[in-house]
Amino acid sequence: MFFEGQHTIREIWMDGRKLPADPEPTWYGYSVGKWDGDTLIIETIGFNDKTWLGAQGQPHSEQMRTIERYRRVDPNTIQFNLTIVDPKTYTRTWEAEPRLIKPRPGVEVLESFCVASEEEEFARRIRQPAAQQTDK
């Protein structure tokens, strides 16, 4: 999956593999997908603590599992459903409001640059070394 924002890529394995028992935590987690009729189902686990959940950044734990369903309802519309299961953080399964996505054929993903997305690299290369310097 290729995202317009910061041109990030999310890997979704479609080769029949199962979710690993204990994946290395990452921003997008570890995802496997499969087709069930005309619906693409993607299950994801292994999110790290930087994963942003919802517009407000809802809390989650390392036990969070997401299930996404994508189904084309007509030539110009994809229905998206999201289920979040996180028994450590929430008392019940969270079903997000279904969303309709309208693909735009012929529209290219534009360049996107955000200084905020470079903050960690900036801190590693410049801020942290500068903080360790002392005047003698």
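Located above this text is the structure these notes cover.
I will try to describe carefully the structure that is included in this document. (Residues numbered from 1 in each chain as written. Predicted model: local features only at pLDDT ≥ 70, side-chain atom pairs only at ≥ 80, totals over all residues. Heavy atoms only, no water.)

1. What about the overall build of the protein chain?
Along the protein chain, the regular secondary structure elements total 1 helix and 7 strands. For the protein chain, the α and β elements follow one another from N to C terminus as β-β-β-β-β-β-β-α. Buried positions account for 24% of the 136 residues belonging to the protein chain. Taking the intrachain contacts of the protein chain between residues at least 6 apart in sequence as the baseline, contacts between residues at least 24 apart amount to 34%. Accessible surface for the protein chain amounts to roughly 10500 Å². Of this, 52% is attributable to carbon and sulfur atoms. (Helix = DSSP H or I, 4+ residues; strand = E, 2+ residues; numbered from the N terminus. Buried < 20%, exposed > 50% of the residue type's maximum accessible area, 1.4 Å probe, protein only. Contact = heavy atoms within 4.5 Å. Areas by Shrake-Rupley, 256 points an atom, 1.4 Å probe, with all protein chains shown as cover.)

2. Some words on the nonpolar core
Leu40, Ile42, Phe47, Leu53, Met64, Tyr70, Ile78, Phe80, Leu82 and Ile84 together form the largest nonpolar core, which totals 10 residues. When contributions to this core are tallied by element, the ones reaching two or more residues are strand 3 (39-45) and strand 5 (77-85). Once residues lying within four places of it in the same chain are set aside, the contact partners of Met64 are Thr44, Ile45, Gly46, Phe47, Thr51, Leu53, Ile84, Val85 and Asp86. (Core = buried A, V, L, I, M, F, W, Y, C linked by side-chain atoms within 4.5 Å.)

3. Some points on the packing of aromatic side chains
Inspection of every chain in the model, using the stated rule, returns 2 aromatic pairs. Taken together, a centroid distance of 4.9 Å and an interplanar angle of 35° make the contact between Tyr70 and Phe80 tilted. Placement of the pair is Tyr70 in strand 4 (residues 65-74) and Phe80 in strand 5, with a sequence separation of 10 residues. For Phe80, a relative accessible area of 14% puts it in the buried group. Positioned above the aromatic ring of Trp13 is the side chain of Arg17, whose terminal nitrogen or guanidinium carbon lies 3.7 Å from the ring centre. (Phe/Tyr/Trp six-rings, centres within 6.5 Å; stacked < 30°, edge-to-face > 60°. Lys NZ or Arg CZ within 6 Å of the ring centre and 35° of its normal.)

4. A look at the pattern of salt bridges
Applying the stated rule across the entire model yields 4 salt bridges. The residue Arg17 makes a salt bridge to Asp15 at a minimum N-O spacing of 2.7 Å. The partner of Glu62 in a salt bridge is Lys88, with the nearest N and O atoms 2.8 Å apart. Taken together, the positions of Glu62 in the loop between strand 3 and strand 4 and Lys88 in the loop between strand 5 and strand 6 (94-95) put the pair 26 residues apart, joining distant regions of the chain. With respect to burial, Glu62 and Lys88 carry one shared label: exposed. (Salt bridge = Lys/Arg side-chain N within 4 Å of Asp/Glu carboxyl O.)

5. Some points on the pairing of strand 4
Where strand 3 meets strand 4, 6 bridges bridge the pair, whose relative direction is antiparallel. Bridge pairing in strand 4 places Thr39 opposite Arg71. Relative to strand 5, strand 4 is paired through 9 bridges, and the arrangement is antiparallel. Of the residues in strand 5, the one forming a bridge with Arg65 is Val85. Where strand 4 folds back onto strand 5 in an antiparallel hairpin, the turn is made up of 2 residues. (Pairing = 2+ DSSP bridges.)

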